[in-house]
Each structure stands twice: as C-alpha cells, then as structure tokens.
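One-letter residues, chain by chain:
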Amino acid sequence: MNVSWNCIDKHLESSADKTAIIFEGEQGDTRHISYQQLHDDVCQFANGLKARGVSKGDRVIIYMPMTPEAVIAMQACARIGAIHSVVFGGFSADSLRDRIEDASAVMLITADGGHRGGKIVELKSAADKALSSGCESIKDVVVLKRSGHEIDMKDGRDHWWHDVIEGQATSCEPEWVDSEHPLFLLYTSGSTGKPKGIQHSSAGYLLNAVVTNLWVFDLQDDDIFWCTADVGWITGHTYVAYGPLAAGTTTVIYEGGPVTPDAGRFWKICEDHKVSVFYTAPTAIRALMKFGDEFPNKYDLSSIRLLGTVGEPINPEAWMWYHSVIGKERCPIVDTWWQTETGANMIAPIPGVTATKPGSCTRALPGIEADVVNEDGDSITEANKGGYLVIRKPWPSMLRTIWGDDQRYVDTYFPKFDGRFYLAGDSARKDADGYFWIMGRIDDVVNISGHRLGTMEVESALVAHDRVVEAAVVSRPHEVKGEAIVAFVICKGERPVQDEAESMVKELREWVGEQIGPIAKPDDIRFADGLPKTRSGKIMRRLLRTIARGEEITQDTSTLENEAVVLQLQGKE
Ligand code: WT7
C-alpha cells in the first residue's frame, strides 16, 4: 500500500476538482488546492526529493510553518516511502538538533520563516544554528520561500523549494510499501529527560485515522473540516495532514495565531470558509473566552454543525461557552481522548449515537478495549473509583516502537500487569454509565496548553545552565494553559535574592526557551539553599506542588533534612 495514494490518488477519478485544502495565511492570503493540484504538487516535490537522493526508509525532518507545503512535504515523503519526522516550529534549535540526531535524518525541509502573532518565526536561522552544532547526517536542506526576508543559504547544502521542483514531472509512481512500513516518527515527552521518537506504521495508522475522521467527526461530502492543530503535533498529522484527505474531505489550514489581528480571527475564518466541523483544544477555548462574547458574536457561525476538543479535560466553564456562544446550543461537542502514541481518537463519542456529558470523553470507540484497573490489573467495577487507564488489546494505529530503542518502548508502555495491557500514563475513573473521566497523568509529564512536557526535560535544561546546581520542576493549575510550570532552583554560590533573583529568573526563563522552546518557560522560578528532601535523599515533590500552589502545608516537614528551605521556597525568608 501507499499512504499518499490513499489520501490523494484514490479520489482523483470521482473528485479531482474537489477542494482538498483551503489555506489562509496570517496576513490574509488564501489559496484553494484541489485534489488534482495536490496530487501534482506532491508528485513534483516527491520527484524533487528523489532527485536529491532521498529514498525509502530515509528519515526526513520537516520544520515548517503551517502552510500547505508542510502537508505536501509529509505526503511526498509518504509517496516515496521516506520516514518523516515533523518538528514543531515553536521548538528551539537545540530541540531540533536533538531530533535530527536521534533520527539520523538525511534531509531537513524548512522555510525562511512563517508568520505568527504578527511576527516572523525565524525557522531557517534556527535550522542553521541546529546544523552548526552537529547533525552530520544531514546532506541537504530544502527551504520554502514564505516570509521572503533575508536569510543565509549555504552553497551545496541549501536549496530553495522552487528550485527543487523546477522541471520535475507532476506524476510520481507511489513506492508500494508493506503495511508495517514506518510512516513517520513524532517526538514526544516522557518521564526522562530525552524525548522519544514515537514510530507509527502505514496501514494501521491510516485505518484508524480514516475511521475516526468518519465516525467521530461524521465527515460528509460537503463538510469543511478545520482542526486548528499544528502539523508539529499528532493532532495535525491525523486530523490535518492524513485523516481528512484519506476521507476525501475539504480541510482548512491556517498559518497564524488565534488573536492576530484580534480574538475574532478563528471565528472570522469559520465564517469566511464556511467551516462545518471545528476541532480545537480547551486551552484555545479558554484563551478566546477571556476576550468576551463580542468577538464570536460579530461573525456568522451558522455553518458550524459539530465541535470537538482534545488535549486535556475540558472544564465546565469552557465547555458551556463553547456549547452556547460558538455552538449556539445546537452543535454536539465531541471530547476526544487519545495520545501521540495511540495515533487516533480512542475514547470519544460518536455524534448522534453517544449521549455526551460535559467533561467526559464518554466511551471507547468500536474496536478499542479501554479500561480502568487497580494496582493488580483488575478491572475496577465500582463507579467513580480512580485507577490506571489501560488499553487491553492492540489496535491498528498503536505506536510500533520507540525509534531505535525497543527496550524503552517495553519499559514505558508495559511496565506493569506482566505486560498484559498498554499503560496510557493517565489516571481515570468510570461513572455508573461506564463513561470515562480522565483525571490526569500518573507520570512526571505536565500538560501546558495541551502540549506535553516532561518535568525532567525542563530540569535537565535548567541544570545545563552554568549557575544552576539542582532544579526540581512541578506544575500548578493555570486558568488558560491548564497547567503552568514552577521551578525550584539551587544556584552555585549565594542564593540570589531581590534584584539578582529577578535578573536570574529572566535569564533562566530565556535559557529554557532556547533549550527547549518558549512553551517550556517556567511561569515561576524560586531559589533556595536546598530542596526539601527526605532523609533518604528523595525530593519531596508533593510538598513542592503544595508550595507551588500556595496552599497550606499539611505534610509533616519535621522529618526533612533541611526544614528551613521550605520557608525560602515559599518566599517567606
Ligand atoms: C495526553 C496525550 C492526542 C492529541 C493531543 C495530546 C491528555 C488528551 C484528552 C482529553 C483529557 C486528554 C492525556 C493524554 N489528553 N486528550 N480529551 N481529555 N485528557 O497528545 O501530547 O500525546 O498528550 O493528553 O493526559 O495522555 P499528547
């Protein structure tokens, strides 16, 4: 099979002229790309990749703005059997380098820059920085001209996208691959300091991508589907780049930020392009809700018939606003639980079939055996009693392994229950109707604006700074982002106080932004002479969480090795 054939060629006989992609740039430029045009563009670029020596099984990194070319690049890789790994454009040069090196990628596809929040995202200069600090496996860099500003091009290594496709044929026989051939790697955070390359298959991945687009989003021939996720996340793979196309839908791609030029942008796009199915994250809903009803009320949202959410549990206030102000109380809301690892929606309602309850992702989709079990792996039958969320049987789009590290795959997802179940890493409960309610992560993973980050990743970034000796990172609830990062830091020499502490906080925030990306910048950094540890030397994370939330300490701190630091961390000394 070939994934690109299934997303594009399959539709050419019946709907070559149907719009596959509606694109809107942040500055208002728009483009409609038909299935035929998409076919031609993907083929040309695929031929261009082949001409540069990329072949089946090679890894290709995609570090691009949200433009149709990002999807074209992904589809072109799929067409020739190359394995792509998209790196979110908001990740730093260092994060990009780590992913290139872990995947031993031969090519990097990027752009001069993209438009976001009224600014230019300097993708090429970040790429140059990544490549200058390693990445020996990279032979070629392909650069899309998007922002049009001045950038450096390195002779022999860097090639403009338009030169790469110059003179290439608009047809390209797909590389027929085994159903298990890896389609892509996508790096995500876990409990350790190093992100892991989640490896997905071709046929199984695409199967769940298609059926969930059809079942959960109920896609009909005349639907206009807009999933606001960036292709740098799994949601942008399954519900932008692959699933909707495989289902033959028209899908919207928007390049920019949600409040540019103002908080009505999403709703204006819905009106202008007659979006009928809209899928976004609770954090975006909360952020836009804060600007008030007048923004959505300025636009005609009558084309919308179905709403979806993903990424974290949706709080009742945000659900109500989404339901009444956006959905005008007539659109069902599908709350979809899934993960980078699961490839597609796992626990989610089927509109018209499953009655919804605000805050619950409802029931597992057909073929998915989700359950909540206790420490012994026994199914919890008592209503509303929390436990481990597990999947009892493999499903087509489950991850196949962690790239280059089969043992870490086994250790991470099958550490309990004699390896009988897939351990999702979430805690959950089931109510008396058998509906699932996700309660949060059980590992050291935090969810910032629907993006997953390992607390150890942020800790490693902090201790990589010259002045930092030790760091502990926890999260606290945040009104818009869901969770925010709080870092407790021990510095070399005297503990920074007052002005010095203030400038040190600034410096460390920037530092973490450079090491990982802006989303990982701690909201709050506190300094002390030591961290609260038990006599056996374990950091008391529960106590740190209490301090981070400003709650009253109820834990017994008298057994602490160094009780005084608690006052320092609370800012009382
Ligand atoms: C984690 C996976 C899947 C795309 C977005 C995130 C949390 C995801 C929900 C939901 C409650 C949710 C879980 C999960 N999560 N969807 N509908 N309700 N929690 O993908 O970065 O792989 O993160 O996001 O904690 O484990 P991801």
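Rules behind the numbers
Residues numbered from 1 in each chain as written. Predicted model: local features only at pLDDT ≥ 70, side-chain atom pairs only at ≥ 80, totals over all residues. Heavy atoms only, no water. Pairing = 2+ DSSP bridges. Helix = DSSP H or I, 4+ residues; strand = E, 2+ residues; numbered from the N terminus. Axes fitted to C-alpha atoms, helices over the stretch in contact; angles between N-to-C directions. Buried < 20%, exposed > 50% of the residue type's maximum accessible area, 1.4 Å probe, protein only. Near = heavy atom within 4 Å. Polar contact = N/O pair within 3.5 Å; in protein donor to acceptor, adjacent residues only side chain to side chain. Nonpolar A, V, L, I, M, F, W, Y, C, P; charged D, E, K, R; others polar. Phe/Tyr/Trp six-rings, centres within 6.5 Å; stacked < 30°, edge-to-face > 60°. Lys NZ or Arg CZ within 6 Å of the ring centre and 35° of its normal.

*Asks:* Before we move on, can you summarise the sheet that holds strand β1 (residues 19-24) with the specific residues and values?
*Replies:* Taken in spatial order, the 7 strands of this open sheet run β2-β1-β13-β12-β14-β15-β16, and their pairing is mixed. At either margin of the open sheet sits one strand with a lone partner, and together these are β2 (30-34) and β16 (333-336). Along the sheet, successive strands turn relative to each other by an average axial angle of 20 degrees, direction set aside. When strand β14 (residues 277-280) meets strand β15 (residues 306-310), the two strands line up parallel, connected through 4 bridges.

*Asks:* Explain the pairing of strand β18 (residues 387-391) residue by residue, including any values.
*Replies:* Burial within β18 is extensive, with 5 of its 5 residues counted as buried. Sheet analysis places strand β17 (residues 370-373) next to β18, joined by 4 bridges and oriented antiparallel. Bridge pairing in β18 places Val373 opposite Tyr388. As paired elements, β18 and strand β20 (residues 422-430) share 4 bridges and run antiparallel to each other. Residue pairing in the sheet places Val390 in a bridge with Leu423 of β20.

*Asks:* How would you sum up the site of the ligand? Please name residues and give values.
*Replies:* Around the ligand, 17 residues are found, and the nearest of them are Asp335, Thr336, Thr340, Asp426 and Arg452. A distance of 2.9 Å separates an oxygen atom of the ligand from a polar side-chain atom of Gln339. Residue Arg441 places a side-chain N or O atom 2.8 Å away from an oxygen atom belonging to the ligand. Contributing elements (two or more residues each) for the shell around the ligand: α9 (234-246), β16 and β21 (436-441). Among the residues forming the shell around the ligand, the class breakdown is 6 nonpolar, 6 polar and 5 charged.

*Asks:* Summarise the sheet that holds β21; cite the residues concerned and give the values.
*Replies:* Two orientations exist for strands paired in a sheet by backbone hydrogen bonds: parallel and antiparallel. Strands sit in the order β17-β18-β20-β21 across an open sheet of 4 strands; the sheet is antiparallel. Of all strands in the sheet, those bounded by a partner on one side alone are β17 and β21. Going across the sheet, the axis of each strand differs from the next one's by a mean of 45 degrees, ignoring polarity. Note: β20 against β21, 5 bridges, orientation antiparallel. Bridged to Arg429 within β21 is Trp437.

*Asks:* Lay out the packing of aromatic side chains with the relevant residues and their values.
*Replies:* As enumerated under the stated definition, the model contains 28 aromatic pairs in all. Centroid distance Phe184 to Tyr205: 5.0 Å. Interplanar angle 85 degrees. Geometry classified as edge-to-face. A residue pair is termed long-range when its members are at least 10 positions apart, and Phe184 in strand β10 (residues 184-188) and Tyr205 in helix α8 (residues 203-215) qualify at 21 residues. Given a relative accessible area of 0%, Phe184 falls into the buried group. Its relative accessible area of 0% is what places Tyr205 among the buried residues. Between Tyr413 and Tyr422, the aromatic rings sit 5.5 Å apart at their centres with planes inclined by 10 degrees, giving stacked as the arrangement. No difference in accessibility class separates Tyr413 from Tyr422, as the two residues are buried. The rings of Trp226, Tyr254, Phe266, Trp267, Phe278 and Trp321 are connected pair by pair, giving a single aromatic cluster. A cation over a ring is seen here: Lys145 above Trp160, with NZ or CZ 4.4 Å from the ring centre. Directly above the ring of Tyr435 sits Lys357, whose terminal nitrogen or CZ lies 4.6 Å from the centroid.

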